[in-house]
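# Chain and residue survey
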Amino acid sequence: MTSAVDPPATGTELLVRGAELVVVDGAREIPGGWVAISGGRVTGVGTAGTEPAARTTVSAAGRLVTPGLVNTHHHIYQNLTRSYAPAVNGSLFDWLTTLYPLWAALDEEAAYVSAYVGMAELLMGGCTTSSDHLYVHPRPRLVDAEIRAARDIGFRFHATRGSMTRSVEDGGLPPSSVTQTEEEVLADSERLIKDHHDPEPGALVRVALAPCSPFSVTRKLMTATAELAERYDVRLHTHLAEDRDEDTYCLETYGCRPVEYFEESGWMSDRTWVAHCIYPNDAELRRLADAGVGVAHCPSSNMLIGGGTARVKEMRELGMPVGIGCDGSASTDHASLWLETRTALLLGRYRGGPGAMTARDALDLATRGSARCLGRADELGHLRPGACADLVVWDLHEVALAGALSDPVEAWLRCGPARAWTTVVGGRILVDRGEPALPGLADVLRQHGRIARGMQRGGWTGHAPRHR
């Protein structure tokens, strides 16, 4: 822990001051700290009494300040079918096959309002950057609609162009209404990169390519997508080794295990991060680590579906980039990165004992680890001068914090619930005093309710089965 000052080199636009503790990164914490921001970047950090003059000041009022949390895996459109009764007690494959027909109604308006609501919820849970894996495409331009929502809000967004080409008729799980041909997928993937991907430092919008899973696309598409990502220097994302049924499917369909299929398809690369990664064996895990493949750890989703959990401690010991993902929204039913980070802490200790995970380890997963997964460790997940000005001032009620006097980082996850009091993205305040600073949110919520009711109408009999 250090209290040295990094003074801003120029005038300060926004100053966050009076924090009980500023977590700059995994190696540096500043009691009584402040953070100075200009031009969308952190320009300085320091201790009380050394603050620069600023155009706008935010009081952290004795609260904890951390880098913004980074969400490495999500399916935002699924907040239109949260807690859908016929699916809540099913296995992963049961859950998917129940919901695919509902998701076939997705259109541009639905993609926009679900993204807007999802991003508002993420901001309230301390998330300043999120990827999203949109893999059902019953209609065109759905990813464009999500990107439009992100730009309207000012949210930092990594859109991953998902895809499915193997329908039920081809031996896959989804109906043909939500799948596309290989040619359609590749053409639209290239168009999205050209239209929206910003490779420049500080980018608010980037695009990655993300076939859904080994059981929903062809080997040809997996290989061609990896080649396209190499050509345009964008990242790759998919689900991998999430379920035991995936092992069986890959062995029967491709004659090999999922990680072997992944490697043969050209995906074993440091431009790749994968969701879940629960069932690789020891040798496969070492091969993934040696290649620099990152993992999005999704603790709540895996626990709700009963699918096991990633071996996070072992992965980190092997040097793998490991971040946090909300997943869902329908399988997890929330978009709080704080809650996912707390769950990662609990699950890590449940699996490995009290020494296996600390609150700082969990925070590191949700910040620096997640930033590594997205290829942005240089400018996201920390508050060193030069970083993107993405930070959170956290709020816990004084009743919840009563008696927590010795360690504000441990208290942040052990006590609670915590919410973002102030969320700043690129120097802009998007959550203020615990509420989203989004004037259009009320209208979007009304649209969201109308669309969600229409999507679910006719698919629910009014009661859920007691067993699946």
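These figures come from a predicted structure and were not determined experimentally.

## Structural notes on the packing of aromatic side chains
Under the defined criterion, the tally for this structure stands at 9 aromatic pairs. Aromatic pair tyrosine 100 and tryptophan 103: ring centres 5.8 Å apart, planes at 85°, arrangement edge-to-face. Separated by 3 residues within a single helix, tyrosine 100 and tryptophan 103 lie in helix α1 (residues 92-103), roughly one turn from each other. When sorted by exposure, tyrosine 100 lands in the same class as tryptophan 103, which is buried. Taken together through their ring pairs, the aromatic side chains of Tyr77, Trp95, Tyr100, Trp103 and Tyr135 make up a single cluster. Across the ring face of tryptophan 421, the terminal group of arginine 63 is positioned such that the distance to the ring centre comes to 4.3 Å.

## Some remarks on unusual backbone geometry
Between glycine 416 and proline 417 the backbone carries a cis peptide bond, its omega angle lying at 10°. When you line up the elements, proline 417 lands in the loop between α14 (408-414) and β17 (419-425). Its identity as a non-glycine residue notwithstanding, aspartate 233 has a phi of 55°, on the positive side. By the element assignment, aspartate 233 lies in the loop between α5 (219-232) and β12 (236-240). Despite not being glycine, alanine 241 has its phi angle at roughly 55°, a positive value. By the secondary structure assignment, alanine 241 is in the loop between β12 and α6 (244-254). Take alanine 241: its relative accessible area is 2%, and that puts it in the buried class.

## A closer look at the confidence of the model for the protein chain
Confidence in the prediction of the protein chain, expressed as mean pLDDT, is 94, and 97% of residues score 70 or more. Segment residues 461-468: pLDDT under 50, and 10 contacts once partners within four positions in sequence are set aside and those in other chains are kept.

## A closer look at the sheet that holds strand β1 (residues 12-17)
Taking strand neighbours across the sheet as the criterion, the 4 strands line up as β5-β4-β1-β6 in an open arrangement whose pairing is mixed. Each end of this open sheet is capped by a strand with a single partner; those strands are β5 (41-47) and β6 (54-59). The average undirected angle you get between the axes of adjacent strands in this sheet is 20°. Two elements, β1 and β6, share 5 bridges in a ladder whose sense is parallel. Across the sheet, residue arginine 17 finds its bridge partner in β6, namely serine 59.

## A look at the nonpolar core
If you look at the biggest cluster of nonpolar residues, it comprises 119 residues, and the most contacted ones within it are Trp103, Leu106, Tyr135, Val136, Leu288 and Trp412. Per-element accounting of this core gives the leading share, 11 residues, to helix α2 (residues 108-124). Taken domain by domain, this core gets at least three of its residues from each of domain 1 (12-67 + 386-436) and domain 2 (69-374). Aside from chain neighbours lying at most four places away, what touches tryptophan 412 is Leu64, Leu69, Trp338, Thr341, Leu363, Trp394, Leu396 and Ala418. Ranked by size, the runner-up nonpolar core spans 20 residues in total, among them Val42, Leu391, Trp421 and Val424.

## A look at the packing of α2 against helix α15 (residues 441-456)
Angle between the axes and distance between the axes are the two parameters that describe a pair of packed helices. Running from amino to carboxyl end, α2 crosses α15 at an angle of 125°, the nearest separation of the two axes being 9 Å. When the axis of α2 is compared with that of α15, the two are oblique. Along this stretch, α2 crosses α15, giving a crossing that reads as left-handed. Residues Glu109, Ala110, Tyr112, Val113, Ser114, Tyr116, Val117 and Ala120 of α2 touch α15, and the partners they reach there are Leu441, Val444, Leu445, Gln447, His448, Arg450 and Ile451. Looking at the contact of α2 with α15 residue by residue, the class counts come to 10 nonpolar, 3 polar and 2 charged.

## A closer look at the side chain of serine 265
The topology assignment puts serine 265 in the loop between α7 (258-264) and β13 (272-276). With relative accessibility at 1%, the residue serine 265 sits in the buried group. Setting aside anything within four residues of it in sequence, one finds serine 265 in contact with Arg219, Met222, Thr223 and Ala226.

## Details of the pattern of salt bridges
On inspection of all chains with the given rule, the structure shows 35 salt bridges. For glutamate 190, the salt bridge is made with lysine 194, and the minimal N-O distance between the two is 3.6 Å. Residue glutamate 190 and its partner lysine 194 are both found in helix α4 (residues 182-196); the two are separated by 4 residues, about one turn of the helix. Its relative accessible area of 56% is what places lysine 194 among the exposed residues. One salt bridge connects arginine 271 with aspartate 233, and the closest N-O pair in it is separated by 3.3 Å. Placement of arginine 271 in the loop between α7 and β13 and of aspartate 233 in the loop between α5 and β12 is noted, with a sequence separation of 38 residues between them. Within this structure, Arg141, Asp144, Arg161, Asp188, Arg191 and Asp195 form a network of salt bridges that share partners.

## Section: the UniProt feature "domain: Amidohydrolase-related" (unreviewed entry) in the protein chain
Sites flagged by UniProt as "domain: Amidohydrolase-related" (unreviewed entry) map to residues 64-410. The annotated region residues 64-410 carries 43% helix and 15% strand content, and the separation between its end C-alpha atoms amounts to 11 Å.

So, how was this worked out
Residues numbered from 1 in each chain as written. Predicted model: local features only at pLDDT ≥ 70, side-chain atom pairs only at ≥ 80, totals over all residues. Heavy atoms only, no water. Phe/Tyr/Trp six-rings, centres within 6.5 Å; stacked < 30°, edge-to-face > 60°. Helix = DSSP H or I, 4+ residues; strand = E, 2+ residues; numbered from the N terminus. Buried < 20%, exposed > 50% of the residue type's maximum accessible area, 1.4 Å probe, protein only. Lys NZ or Arg CZ within 6 Å of the ring centre and 35° of its normal. pLDDT = per-residue confidence, 0-100. Contact = heavy atoms within 4.5 Å. Pairing = 2+ DSSP bridges. Axes fitted to C-alpha atoms, helices over the stretch in contact; angles between N-to-C directions. Core = buried A, V, L, I, M, F, W, Y, C linked by side-chain atoms within 4.5 Å. Domains from an automatic or database assignment. Parallel < 35°, antiparallel > 145°, perpendicular 65-115°, else oblique. Left-handed = near helix turned anticlockwise from the far one by under 90°. Nonpolar A, V, L, I, M, F, W, Y, C, P; charged D, E, K, R; others polar. Salt bridge = Lys/Arg side-chain N within 4 Å of Asp/Glu carboxyl O. UniProt positions renumbered as here; feature names shortened; annotations may be inferred.

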